[in-house]
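Overview (structure and organization)
Residues per chain, in single letters:
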Amino acid sequence: MRLVIRDDYDEVTNYVANYVKERIRQFNPTTENPFVIGLPTGSSPVSVYKVLVEMYKAGEINFENVVTFNMDEYVGLPRDHPESYHSFMWKNLFMHVNIKPENVHILDGNAPDLDEECKKFEAEIARVGGIELFLGGIGPDGHIAFNEPGSSLTSRTRVKTLAYETIIANARFFDGDVSKVPKLALTVGVATVMDAREVLVIITGAHKAIALANCIEGGVNHMWTVSAIQMHPKGLIVCDEDATLELHVKTVKYFKSIEHVHQSLIGPENLSLQGGVKQLRKVVVSSRSQTPLNGPYEE
Amino acid sequence: MPTSEIKESDKIYKIINARLLIEHEIVENAYLWFQNGKIIHPQNLFFSARRDADEIIDAKGLLVVPGFIDTQINGSYGIDFADYEEPVEVLQKNIDKVAKGLLQYGCTAFCPTVVSSAAEVYQKVLPLLNHRKGSATGGAEILGAHVEGPFISVLKKGAHKQAVFKDAKNGIKDFDEVYGPELLKGNKAVSIITMAPEIDGVCDAIPDLVARGITISMGHSACRIAEAEEAVTKGANSITHLFNAMQAFHHRDPGLIGVLGACDLPIPETSVGHPAPSSTSPDRKRPDPRPFYGLICDGVHVHPNSIRMAYYSHPTGAVLVTDTLSAAGLPSGIYQLGGSEVEVVEDGAAYIKGTTTLAGSTITIVQCIRNFRKFTNCPLVEAIEAATLHPARLLGIEDRKGTLNVGGDADLVFLDDTNGDIAVKRVFVAGEEVKL
């Protein structure tokens, strides 16, 4: 797992947006081989989408061959309700960029057969060859998507009843009235997310600190479903200083030092976007003299 | 949806890089979509029909506002809507000429105004001025005729010929007799009637006319404040060219102008046809019972100070009108108009030749907006709304005109508002771009 720590929310946003941009660019998607990305909703990714839109307007990113799968959607809320996740994605991303409508997949919370809808969603992900990069946030209770505490870590897309803490957290979008928040949602499962070839979780704010600590310093635990990322070969968490408040000092120092080492010893030219290392930086010729007591060390 | 299956009429247009006038504010980072000449919300089309924009229009940072509406215009380019002597085909061509010529000023809808005339004239002319949708090649939309008179006061006749003036002792029968069968079509043919409340029978006929969907405007009247307020309670919701052709303001009987200061008119049940509440309304939350009022902002018909006073006493009721006469749009020179010799001078003012008597205005609606903003120092949004939202509300059509809300007609004006001025750059009528 990589843990990238940045000073504040804005730096995290810029890091993630740039990462997404570079991943797409390096992937070089085509119609036959599109870049398949999983997308979240909520206050964490809102700013990321804003930056992506600006990048699109500046001609730095192209969504023509990007296929999207959203994590979740409320059940029973009209699709064009201002708080539906369809509306969220439309307002914050899709209406601004050149993504093709047929490349967009969001679960239909008003489908006549919800189980069928979930199965179809999983099938569609498989049909396009799986998800290349899944972006996500984390709830204060450590959940990813709507996989509330107690969700199986091998779960797939299904209907979930929302936890009380989640309903309270979402009430702010429904005039602060908990009774207006939908109680059921369709969500991708923990395993659906972890099946992606890379998972990037955005964790910002002091109120997420306990969740982050439990997810990376605790064990893999269905009470903190983001902890499943510990079993993922390419997990990346991007967080701000505030979110690290409950981590051990050693953990924070370790991950910060990694970046420092990468810069000085490896150098950006030898470092791939996803953390692969080609070789160490070429070091300047040493001024050490060669004597029989020192090895015949060839520079 | 494969591109080859899309019909022209189904094409979705998306305007980008625009600043839009929406809900009384200029918003950036928003887009406008329209299809089939109507403004749409594309979200459901995107998710359900999998449709995206077929054509992108780059506004390049310009301000996009609804098309301007002129509710009082007597003619232009030497053409008067009250002309009746020529054959119908010629009259029709003339009307089309004016409708087309107005587009370049951003006027996408208008009420052709007919001055007081004899019954034969109305019978011939009104059928040609029925409601007709606009198009880029056909011209601005004709909302319906504005018949100014003949139920008006000889004391405030202005340039009207008093021989044709009438009273309405027989109520609505007199109106039907003068205007002819077109009046039965209500606002499909006649949008506005300007009449004087003090004329016999006029006030009592107001409810019958309002029932046909016609907007009743008080004007060319010597009425007193009590008569004016009575007309408002009966259903009159407009004042024709405030200050002109009415009693001057008197502090003990403010007359028709004084309606702007009315405080105990009954609050309307519905907001249709009534100004929105403002900080000067009798009830700050419910529709304003005071009427709308037309203003000719050429700086000549009304002193700028008077415009300012009217605006600040009743900001949501201001409706900008040009009230142009036939000489509008003609180069400066001398013309034979309505039986008199009229001289149009360099700055556009039109006088009876050899005198300082105004023969009418030659102003354009966009110039009205500039002047109104200059005289009142109001925000640009409010100046534009006085030529878009307010006239649409006056006629009860704000669901489709004078607005960029979903469901509105795609009548759009792209304005360059740099340097504190406004200039019309692009015009769309019913979703088609006009070649300027």
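What counts as what
Residues numbered from 1 in each chain as written. Chains lettered and ligands numbered in written order. Predicted model: local features only at pLDDT ≥ 70, side-chain atom pairs only at ≥ 80, totals over all residues. Heavy atoms only, no water. Helix = DSSP H or I, 4+ residues; strand = E, 2+ residues; numbered from the N terminus. Rg over C-alpha atoms; globule rule 2.2 N^0.38 Å. Contact = heavy atoms within 4.5 Å. Areas by Shrake-Rupley, 256 points an atom, 1.4 Å probe, with all protein chains shown as cover. Lys, Arg positive; Asp, Glu negative; His and termini not counted. Charge placed at Lys NZ, Arg CZ, Asp CG, Glu CD. UniProt positions renumbered as here; feature names shortened; annotations may be inferred. 1 Å grid on protein atoms, 1.4 Å probe; cavity = no way out; pocket = protein on both sides within 12 Å on 5 of 7 lines; lining within 4 Å. Points joined across faces, edges and corners; volume = space filled by probe spheres on them. Nonpolar A, V, L, I, M, F, W, Y, C, P; charged D, E, K, R; others polar. Buried < 20%, exposed > 50% of the residue type's maximum accessible area, 1.4 Å probe, protein only. Polar contact = N/O pair within 3.5 Å; in protein donor to acceptor, adjacent residues only side chain to side chain. Phe/Tyr/Trp six-rings, centres within 6.5 Å; stacked < 30°, edge-to-face > 60°. Lys NZ or Arg CZ within 6 Å of the ring centre and 35° of its normal. Core = buried A, V, L, I, M, F, W, Y, C linked by side-chain atoms within 4.5 Å. Domains from an automatic or database assignment. Pairing = 2+ DSSP bridges. Axes fitted to C-alpha atoms, helices over the stretch in contact; angles between N-to-C directions. Buried area = accessible area lost by both parts, 1.4 Å probe. Salt bridge = Lys/Arg side-chain N within 4 Å of Asp/Glu carboxyl O. Patch = residues over 30% accessible without salt bridge, like charges linked within 9 Å, V, L, I, M, F, W, Y side chains within 5 Å. Disulfide = S-S within 2.5 Å.

**Description of the overall build of chain A**
Per the secondary structure count, chain A includes 8 helices and 10 strands. For 299 residues, the compact-globule estimate of 2.2 N^0.38 gives 19 Å, and chain A sits close to it at 21 Å. If you take every contact in chain A between residues at least 6 apart in sequence, the share linking residues at least 24 apart comes to 75%. Taken as a whole, chain A presents about 14,200 Å² of accessible surface, with 54% of it coming from carbon and sulfur. Averaging the coordinates of the 29 positive side-chain charges in chain A and doing the same for the 38 negative ones gives two points 4 Å apart.

**Here's the deal with the UniProt feature "domain: Glucosamine/galactosamine-6-phosphate isomerase" (unreviewed entry) in chain A**
In this numbering, the UniProt entry assigns the feature "domain: Glucosamine/galactosamine-6-phosphate isomerase" (unreviewed entry) to residues 8–230 of chain A. Taken end to end, residues 8–230 of chain A is 35% helix and 14% strand, and its two terminal C-alpha atoms sit 24 Å from one another.

**Notes on the layout of surface pockets**
All names here are of chain B. Roughly 1,300 Å³ of internal volume is contained in the largest pocket. Asp 80, Val 115, Ala 159, His 160 and Lys 161 are the residues nearest the centre of the largest pocket, which is lined by 42 residues in total. Only β17 (333–337), β18 (340–344) and β20 (358–360) provide two or more residues apiece to the lining of the largest pocket. Among the elements that make up the lining of the largest pocket, the one with the highest residue count is β20 (3 residues). Considered class by class, the residues forming the lining of the largest pocket number 16 nonpolar, 17 polar and 9 charged.

**Notes on the UniProt feature "binding site: Zn(2+)" (unreviewed entry) in chain B**
All names here are of chain B. Residues annotated in UniProt with the feature "binding site: Zn(2+)" (unreviewed entry) correspond here to Glu 148, His 220 and His 241. These residues run over 94 residues, yet every pair of their C-alpha atoms falls within 11.0 Å of each other. For the largest cavity, the lining residues among the annotations just cited are His 241. Note that Glu 148 resides in strand β11 (residues 145–148). Residue Glu 148 is classed as buried on the basis of its relative accessible area, which comes to 3%. Those residues within four positions of Glu 148 in sequence are excluded, and the remaining contacts are Gln 72, Asn 74, Thr 113, Val 114, Val 115, Ser 116, His 160, Thr 194, His 220, Thr 240 and His 241. Only 3.0 Å separates the side chain of Glu 148 from the side chain of Gln 72, close enough to count as a polar contact. Summarising the element assignment, His 220 is placed in the loop between β13 (215–218) and α6 (225–234). Judged by relative accessible area, which is 4%, His 220 ranks as buried.

**Some details on the packing of aromatic side chains**
Within a pair of aromatic rings, the relevant descriptors are the distance that separates the centres and the angle that separates the planes. Tallied over the full model, the rule gives 26 aromatic pairs over all chains. Residues Phe 27 of chain A and Phe 35 of chain A carry aromatic rings whose centres are separated by 5.1 Å and whose planes lie at 90 degrees to one another, so their mutual orientation is edge-to-face. Summarising the aromatic geometry, the rings of Tyr 31 of chain B and Trp 33 of chain B are spaced 5.8 Å apart at their centres and angled 65 degrees between planes, so their arrangement reads as edge-to-face. A single burial state applies to Tyr 31 of chain B and to Trp 33 of chain B, both of which are buried. Three or more aromatic residues link up through ring pairs in this structure, and these residues are Trp 90 and Phe 94 of chain A together with Tyr 31, Trp 33, Phe 46 and Phe 47 of chain B. Lys 14 of chain B extends its terminal NZ or CZ atom over the ring of Tyr 31 of chain B, reaching a point 4.7 Å from the ring centre.

**Digging into the nonpolar core**
Ranked by internal contacts, the top residues of the largest apolar core, which has 95 residues, are Phe 68, Phe 175, Tyr 179, Ile 193, Leu 209, Leu 320 and Phe 372 of chain B. The element contributing the most residues to this core is helix α8 (residues 365–376) of chain B, with 6 residues. If you count residues domain by domain, this core takes at least three from each of domain 1 (3–65 + 403–433) and domain 2 (68–395) of chain B. In this structure, Val 12, Val 20 and Ile 37 of chain A together with Phe 47 of chain B belong to the second largest nonpolar core, which totals 41 residues.

**Digging into empty space enclosed by the protein**
Residue and element names in this part refer to chain B. Here the structure, examined in full by the defined rule, presents 4 cavities of 30 Å³ or more. If you add up the space inside the largest cavity, you get close to 100 Å³. Thr 71, His 146, Ser 217, Ser 238 and Ile 239 are the residues nearest the centre of the largest cavity, which is lined by 15 residues in total. Those elements that place two or more of their residues in the lining of the largest cavity are β6 (68–73), β14 (238–239), β15 (292–296) and β16 (318–321). In terms of residue count, the dominant contributor to the lining of the largest cavity is β15 (3 residues). Grouping the constituent residues of the lining of the largest cavity by class yields 7 nonpolar, 8 polar and no charged.

**With respect to the sheet that holds strand β3 (residues 66–70) of chain A**
Residues and elements named next belong to chain A. Pairing in this open sheet of 7 strands is parallel, and the strands run β1-β10-β9-β6-β2-β3-β5 from one edge to the other. With partners counted over all chains shown, the strands left at the sheet margins are β1 (2–6) and β5 (104–105), one partner each. By the bridge criterion, 2 bridges tie strand β2 (residues 35–39) to strand β6 (residues 133–136) in an arrangement that is parallel. Bridged to Gly 38 within β6 is Phe 134. Against the sheet, helix α3 (residues 85–94) touches β2, β3 and β5, its axis set at about 145 degrees to β3. Against the sheet, helix α4 (residues 114–127) touches β3 and β5, its axis set at about 155 degrees to β3.

**Considerations on the domain arrangement of chain A**
Residues and elements named next belong to chain A. According to the domain assignment, chain A consists of domain 1 (2–247) and domain 2 (249–290). Its C-alpha centre places domain 1 at a distance of 31 Å from the equivalent point of domain 2. Counting residues at the interface gives 15 residues for domain 1 and 9 residues for domain 2. Together, the buried faces of domain 1 and domain 2 total about 1,100 Å²; carbon and sulfur atoms form 57% of this surface. For the pair domain 1 and domain 2, the number of links is 2 salt bridges. For Glu 241, the salt bridge identified is with Lys 256, shortest N-O distance 2.8 Å. The tally of links from domain 1 across to domain 2 stands at 4 residue pairs in polar contact (both at pLDDT 80 or more). Considering each element in turn, the side of domain 1 that touches domain 2 owes the most residues, 5 residues, to β1.

**Focus: a nonpolar patch on the surface**
Residue and element names in this part refer to chain A. There is a patch of nonpolar side chains on the surface, built from Tyr 164, Ile 168 and Val 178 and spanning about 300 Å² of accessible area. As for its placement among the helices and strands, Tyr 164 is situated in helix α5 (residues 164–170). Among the residues examined, Tyr 164 registers a relative accessible area of 61% and is labelled exposed.

**Focus on the state of the cysteines**
Residue and element names in this part refer to chain B. Applying the stated criterion across every chain yields a total of 0 disulfides over all chains. Unpaired in terms of disulfides, Cys 107 finds its nearest cysteine sulfur in Cys 111, a separation of 9.4 Å. For Cys 107, a relative accessible area of 1% corresponds to the buried category.

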